[in-house]
Amino acid sequence: MTGTVNNIPTAPHIRREVQRRRTFAIISHPDAGKTTLTEKLLLFGGAINLAGAVKAKKTTKHTTSDWMEIERQRGISVTSSVMNFEFNGFSMNLLDTPGHHDFSEDTYRVLTAVDSALMVIDSAKGVETQTKKLMDVCRMRNTPIITFINKLDREGRAPLELIDEIEQHLGIECSPLSWPIGMGKSFQGVYDIQEGLIRFFRSDGNKNVRPQDTVTVFGLDDPALDKHLGEAAADLRNEIELLDGAGFPFDHKRYLAGQQTPVFFGSAINNFGVRELLEGFTSLAPAPKARAATTREVSPLEENFSGIVFKVQANMDPAHRDRIAFVRICSGQFNRGMKLQNQRLGKHFKAANAIFFMAKNRSGVEEAWPGDIIGLPNHGSIRVGDTLYSDEPLVFPGIPHFAPEFFRRIILRDPFKAKQLEKGLTQLTEEGAIQYFRPVTGRDYILGAIGVLQFEIIAARLADEYNVHVTYGQLPYQRVRWLTGDIKALKRIAEQNQQAIVKDADDCMAMLFNSDWQLTKTTEDWSDIKFIDTRECVLS
Ligand code: G4P
């Protein structure tokens, strides 16, 4: 039987599929254990059957998500991939975010396509810079976050101190659902606060998947605790008491609102605490939610298909010279060969060869549901930020461009390759790999990036994919802002600052600044102009 949400038709079979979907990303500072945890999750999901298949990317040639030469050379995963696996009847979509020290717009965009995140923290290091940056992005959309404090098999910081640091530095309440018993050499396991269980850590030394030993205790006063834990029982009691006094009881609503994070402790490499994390995750994390379009809120349960393109990847696999648009399905059922409309172009197309991703493998999509990520091969017609729909015209906003913080002038080695350069830069920009700006006076290309590694990647990709060789010249700029406001004021500021005024790839006006001081001063001097640091994709 068909139902309605806000008078829009919905279907029970869609509800069934939506409720079992979990679309999420893992966020962490490099080396906290994201890759290791990903691998363990995939092992549980049966998506891989060999420990080391994901980790191998750091050392061997055949990797799970390295599509490009530079990834192999540097041993890093530059591009993001999507991994789908099943667990306890749930269909999990794990979106990988670049795991290197650098940061790109891609990372931000991936986070706009997920319903929740898993945050991995190294117990010895606590909150690190990248964790904080990623958390800020999650906060923009109140993304619910579950925390996994990793590497308890090593000497780390006191757990109460870590909890306090997360709360202070990331501005989120912590509600531990498990608590570690000792650490490093004296690590005995965790106390499962909700279940009243001790889960013993008995490493078999082989880092293999193995069942956990558990003992049920009846409250913290149970003498069985002393029998099993010895002196550590007293410490556990003290710590839980402190936690009860100062911590936050778990509140599902606050978690869903992004105000509280449930915390699990474990050791990814020893596969300790991972199953509990995954079980906790599937029961707590939200299924796909309604998404705001410009005209109304769109429920995932609606019969009509809609989706948003959050990422475009060119030449992902040298064996398939194509561009893939990554679409997050927002509502309705997707069927192979269905007719879709691209809102920006006002054009229909037949989605005949959509693909699912399983790391490096692709498979044809017969059907897909809200929360799923499908890839649509195309020749450049689909762009980041595009809304695709089957029936009702919709526009989903919210794939932002962030103001870059690093700038380089492109120097073309062979001036006869100017056309190729333009083509390459346009495509790489549409993909969201980089942003470029052109001075209103002059013919230079100024590249803007959020992390400096992007420049290296762009040079490598221009050479590899477009046969254009470039080097970079330094520039004094540190900030860029898009300008909007009173037309006359915009004209005047452009006349008075010709050198610093640029246009981006979508022809939007922006201004470059040498320092924060200069930016602040200019902002004060031009009160009828807005200086914007985040711009949503122009849907022209
Ligand atoms: P990342 O993707 O977040 O960058 O981290 P990754 O999983 O690659 O883990 C970083 C390092 O931390 C790896 O060591 C990994 O083996 C180790 N690690 C991950 N989880 C745990 C854990 O629970 N306990 C301990 N003790 N170590 C852990 P590496 O030496 O850089 O690489 P490898 O030689 O082990 O592959």
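- Where an unreviewed UniProt entry is consulted, the protein chain appears under the name Peptide chain release factor 3, with the organism given as Pseudodesulfovibrio aespoeensis.
- Turning to the protein chain, the UniProt annotation filed under Function (unreviewed entry) states: "Increases the formation of ribosomal termination complexes and stimulates activities of RF-1 and RF-2. It binds guanine nucleotides and has strong preference for UGA stop codons. It may interact directly with the ribosome. The stimulation of RF-1 and RF-2 is significantly reduced by GTP and GDP, but not by GMP."
- Annotation of the protein chain in UniProt includes, under Subcellular location (unreviewed entry), the sentence "Cytoplasm".

## Quick notes on the overall build of the protein chain
Right, so step 1: Of regular secondary structure, the protein chain possesses 14 helices and 35 strands.
Right, so step 2: Looking at the protein chain residue by residue over its 540 residues, the buried ones come to 57%.
Right, so step 3: Across the protein chain, contacts joining residues at least 24 apart in sequence account for 70% of those joining residues at least 6 apart.
Right, so step 4: Accessible area of the protein chain: about 23,200 Å², with a carbon and sulfur share of 49%.

## Quick look at the confidence of the model for the protein chain
Right, so step 1: Of the residues in the protein chain, 86% reach a pLDDT of 70 or more, and the chain-wide mean stands at 85.
Right, so step 2: By mean pLDDT, helix H3 (residues 69–74) is the weakest element of the protein chain at 49, and strand E7 (residues 145–150) is the strongest at 98.
Right, so step 3: Taken together, the stretch residues 56–67 has pLDDT below 50 and engages in 31 contacts with residues farther than four places along the chain or on a different chain.
Right, so step 4: Throughout residues 74–80 the model reports pLDDT below 50, and contacts reaching past four residues in sequence, or to other chains, amount to 33 contacts.

## Structural notes on the packing of aromatic side chains
Geometrically, a pair of aromatic rings is defined through the distance of the ring centres and the angle of the planes.
Right, so step 1: Scanning the model with the defined rule gives 13 aromatic pairs in all.
Right, so step 2: Considering the side-chain rings of Phe 187 and Phe 201, the 4.9 Å spacing of their centres and the 45° angle between planes classify their relative orientation as tilted. One end of the pair, Phe 187, is in the loop between strand E9 (178–181) and strand E10 (189–192); the other, Phe 201, is in the loop between strand E11 (197–200) and strand E12 (213–216), with 14 residues separating them in the sequence.
Right, so step 3: Each residue in the set Phe 187, Phe 201 and Phe 272 is aromatic and connected to the rest through ring pairs, giving one cluster.
Right, so step 4: A cation over a ring is seen here: Lys 311 above Phe 326, with NZ or CZ 5.1 Å from the ring centre.
Right, so step 5: Between the NZ or CZ atom of Arg 438 and the centre of the ring of Tyr 445, over which it lies, the distance is 3.7 Å.

Parameters and conventions
Residues numbered from 1 in each chain as written. Predicted model: local features only at pLDDT ≥ 70, side-chain atom pairs only at ≥ 80, totals over all residues. Heavy atoms only, no water. UniProt positions renumbered as here; feature names shortened; annotations may be inferred. Helix = DSSP H or I, 4+ residues; strand = E, 2+ residues; numbered from the N terminus. Buried < 20%, exposed > 50% of the residue type's maximum accessible area, 1.4 Å probe, protein only. Contact = heavy atoms within 4.5 Å. Areas by Shrake-Rupley, 256 points an atom, 1.4 Å probe, with all protein chains shown as cover. pLDDT = per-residue confidence, 0-100. Phe/Tyr/Trp six-rings, centres within 6.5 Å; stacked < 30°, edge-to-face > 60°. Lys NZ or Arg CZ within 6 Å of the ring centre and 35° of its normal.

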